[in-house]
Each structure stands twice: as structure tokens, then as C-alpha cells.
Amino acid sequence: DVKVTQSSRYLVKRTGEKVFLECVQDMDHENMFWYRQDPGLGLRLIYFSYDVKMKEKGDIPEGYSVSREKKERFSLILESASTNQTSMYLCASSFIDYSNQPQHFGDGTRLSIL
Amino acid sequence: QKEVEQNSGPLSVPEGAIASLNCTYSDRGSQSFFWYRQYSGKSPELIMSIYSNGDKEDGRFTAQLNKASQYVSLLIRDSQPSDSATYLCAVSGGDMRFGAGTRLTVKP
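Each chain carries its own residue numbering, running from 1 in the written order of its sequence. Chains and ligands are labelled sequentially in the order written, the chains with letters from A and the ligands with numbers from 1. Local features are withheld for residues below a pLDDT of 70 in this predicted model, meaning they are given only at 70 or higher, and side-chain atom pairs are given and counted only at 80 or more; totals for whole chains, interfaces and linings count all residues. Note that water and hydrogens are dropped before the side-chain values are worked out from all heavy atoms of the structure.

### Observations concerning the sheet that holds strand β7 (residues 61–66) of chain B
All names here are of chain B.
Phase 1: We treat two strands as partners when DSSP finds at least two bridges between them. Helix and strand assignments follow DSSP, with helices taken as H or I runs no shorter than four residues and strands as E runs no shorter than two, numbered in order from the N terminus. Here we have 5 strands laid out as an open sheet, ordered β1-β3-β8-β7-β6, and antiparallel in their pairing. Both outer strands of the open sheet, β1 (4–6) and β6 (54–58), are each paired with one neighbouring strand and no more. Across the sheet, the mean angle from the axis of one strand to that of its neighbour is 20 degrees, orientation sign disregarded.
Phase 2: Where β6 lies against β7, 5 bridges are found, and the strand directions are antiparallel. From the neighbouring strand, Asp55 faces β7, where its bridge partner is Gln64. The angle between two axes is taken between their N-to-C directions and runs from 0 to 180 degrees, where each axis is a line fitted to C-alpha atoms and a helix contributes only its stretch in contact.

### Here we look at the sheet that holds strand β8 (residues 73–78) of chain A
All names here are of chain A.
Phase 1: Reading across the sheet, the 4 strands line up as β1-β3-β8-β7 and stay open at both edges, with antiparallel pairing between neighbours. Of all the strands in the sheet, just β1 (4–6) and β7 (64–70) have a single pairing partner and so form its edges. In this sheet, adjacent strand axes meet at a mean angle of 20 degrees when their direction is disregarded.
Phase 2: Bridge analysis of β7 against β8 gives 5 bridges, and the strand direction is antiparallel. Bridge pairing in β8 places Tyr64 opposite Leu78.

### Looking at the interface of chain A and chain B
Phase 1: By the convention used here, residues are in contact when the closest approach between their heavy atoms is within 4.5 Å. Contact with chain A, which involves 19 residues of that partner, is made by 19 residues of chain B.
Phase 2: With both sides pooled, the region where chain A packs onto chain B buries about 1,500 Å², and carbon together with sulfur makes up 50% of that total.
Phase 3: The closest approach of N and O atoms between Arg97 of chain B and Asp59 of chain A, which form a salt bridge, is 2.8 Å.
Phase 4: Side-chain atoms alone can form a polar contact between residues adjacent in sequence; in general such a contact is a pair of N or O atoms within 3.5 Å, and within protein one must be able to donate a hydrogen while the other accepts it. Counting across the chain A and chain B interface gives 4 residue pairs in polar contact (both at pLDDT 80 or more).
Phase 5: Polar here means any residue other than Ala, Val, Leu, Ile, Met, Phe, Trp, Tyr, Cys and Pro, which are nonpolar, and Asp, Glu, Lys and Arg, which are charged; Gly is therefore polar. Tallied by class, the residues present in the side of chain A that touches chain B amount to 7 nonpolar, 8 polar and 4 charged. Buried area is calculated as the accessible area (1.4 Å probe) missing from two parts once they are joined, with the contributions of both summed. Whenever a carboxyl oxygen of Asp or Glu lies within 4 Å of a side-chain nitrogen of Lys or Arg, that contact is scored as a salt bridge.

### A word on the packing of aromatic side chains
Phase 1: Here a pair means two rings of Phe, Tyr or Trp (six-membered ring of Trp) with centres within 6.5 Å. Their orientation is stacked below 30 degrees between planes, edge-to-face above 60, and tilted elsewhere. The final tally for this structure, using the stated rule, is 10 aromatic pairs over all chains.
Phase 2: Between Tyr25 of chain B and Phe33 of chain B, the ring centres sit 5.0 Å apart and the planes meet at 50 degrees, which makes this aromatic pair tilted. Per residue, the accessibility class of Tyr25 of chain B equals that of Phe33 of chain B, and both read buried.
Phase 3: Geometrically, the ring pair formed by Phe34 of chain B and Tyr51 of chain B is edge-to-face, given 6.0 Å between the ring centres and 85 degrees between the ring planes. Here Tyr51 of chain B lies in the loop between β5 (45–50) and β6 and Phe34 of chain B lies in strand β4 (residues 32–38), a separation of 17 residues in the sequence.
Phase 4: Burial classes follow relative accessibility: with a 1.4 Å probe on protein chains only, a residue under 20% of its type's maximum area counts as buried, one over 50% as exposed, and anything between as partly exposed. Taking the relative accessible area as the measure of exposure, Phe34 of chain B reaches 0% and is therefore buried.
Phase 5: Clustering of aromatic rings is evident, with ring pairs tying together Phe33, Tyr35, Phe48 and Phe105 of chain A together with Tyr36 and Phe98 of chain B.

### Focus: unusual backbone geometry
Phase 1: Here the residue pair Gly9 of chain B and Pro10 of chain B is connected by a cis peptide bond, since its omega of 10 degrees sits within 30 degrees of zero.
Phase 2: Structurally, Pro10 of chain B is set in the loop between β1 and β2 (11–14).
Phase 3: A positive phi is found at Asp28 of chain A, a non-glycine position, where the angle reads about 60 degrees.
Phase 4: Tracing the chain through its elements places Asp28 of chain A in the loop between β3 (19–25) and β4 (31–38).
Phase 5: The phi dihedral of Asp78 of chain B is positive, around 45 degrees, even though this residue is not glycine.

### Re the pairing of strand β9 (residues 85–92) of chain B
Residues and elements named next belong to chain B.
Phase 1: Most of β9 sits inside the fold, with 8 of its 8 residues counted as buried.
Phase 2: For β4 and β9, the ladder comprises 7 bridges, and the chain directions are antiparallel. Bridged to Trp35 within β9 is Cys89.
Phase 3: Strand direction decides the pairing type here: β9 and strand β11 (residues 102–107), joined by 3 bridges, are antiparallel. Bridge assignment links Tyr87 to a residue of β11, and that residue is Thr102.
Phase 4: Taken together, the 3 bridges between β9 and strand β10 (residues 96–98) define a ladder with antiparallel strand orientation. Of the residues in β10, the one forming a bridge with Ala90 is Phe98.
Phase 5: Two successive antiparallel strands, β9 and β10, enclose a turn made up of 3 residues, where Gly94 displays a positive phi of approximately 120 degrees.

Take a look at the structure:
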């Protein structure tokens, strides 16, 4: 089975802090994704990566950055956390031909910014 | 903008009934279609994939695809209270787009 592991299930941070969310997958997937999910807005893509050290902006990249130093690990960084970044964050991965391959999700991180 | 539309619900059905969930999409170049189930507070879980027109059955679940009408549906037969969840439709044709989900409640 595909295993996508996110480092924290719940996280509480303060406004202005730099926040790191970590994601690791064990299926040798080339593609990795970060989404946020808010009530009524569905899943929104923040960033994705199709290879080590490669990254592409999604629909809502502002206020976020990412890092992919190893194939299995994809990190989401909130440079200076703000209250409007309170959300559920979901990491996903898939094989390179992701137009035909499903994405597999981690358990999610519920992040609260106070 | 490529869009995936789902009725947000809630859709309520009695236990044992057939639940029918619908999804329409705007990109005619879409090639792959997925249904995810998401329990409250949990992450989406893949339950069905469909790539060609017609029906695909897996246990109590049937996915139906009509590319000409740009329509994909999920039928759940003999619905159980444990099927109560939000169902996300995902459509892929170079990038993957998710619908906002339909909340299904199965009442005992």
C-alpha cells in the first residue's frame, strides 16, 4: 500500500512564525503535491513537484514556499504565518504520468495560526 | 479555467438504498476520472478510477463515465451508514482537478 506520512496531525503556531510542514512517501513517486482544504472551497493546489529540486506553483502559492531535496520528501513552508493560513493541509503523491495515475493522500495536518 | 462541478448536498438516503453522486467537468481533453471518499476530519481515500466510457463496478460501487456529455457518476448500492462521508470527484488530463465534494448521509 502507498504510504504518505505527514509529520503532524495538529499544529498550533503564532502569527509571524515560520512554519514547516513535512511529507514523506514510500512509493518512489515522482510527483508530490501540497493542497489546502477549507470548508466550501474544496481542495486548492498550493505547489507541486515532479522531481527533486523542481517545483511548480499551483493555484494559491502566495505566502508559501516548498522544498524537495530528496525524492521521498516534500516540505511546505509558511514564511510568515498569518491567521488566514489556518486550514487543513494535505500532501499527496503520484507516479510521473499523473494524468492517468491517481494521487494518494497523507492524513493531513490541521494547522491553526493564532 | 478547468472546472469540476458537484452538487454539494447534503444527499440523504435510507440504509439499503442506492446513492447516486454526480459530477460534470469542463475540459474535453480529460482522460482519467477518480472518486475519493473523505470522512469528516480525515484525508481523501481513493475508491474508484475510470478511464473509458461505460460502467466500472467494484463491490457495491459503480462508476459511470460519459465523455460526450462530460459527466461521471458514482452509484453506491445497498448504502450503509458507514458510507456517510463527502465524496470528491477528480478529473485529470494533464493536471488533476477536484470537485468540492458531495456530502452523503445514510440514515439507519
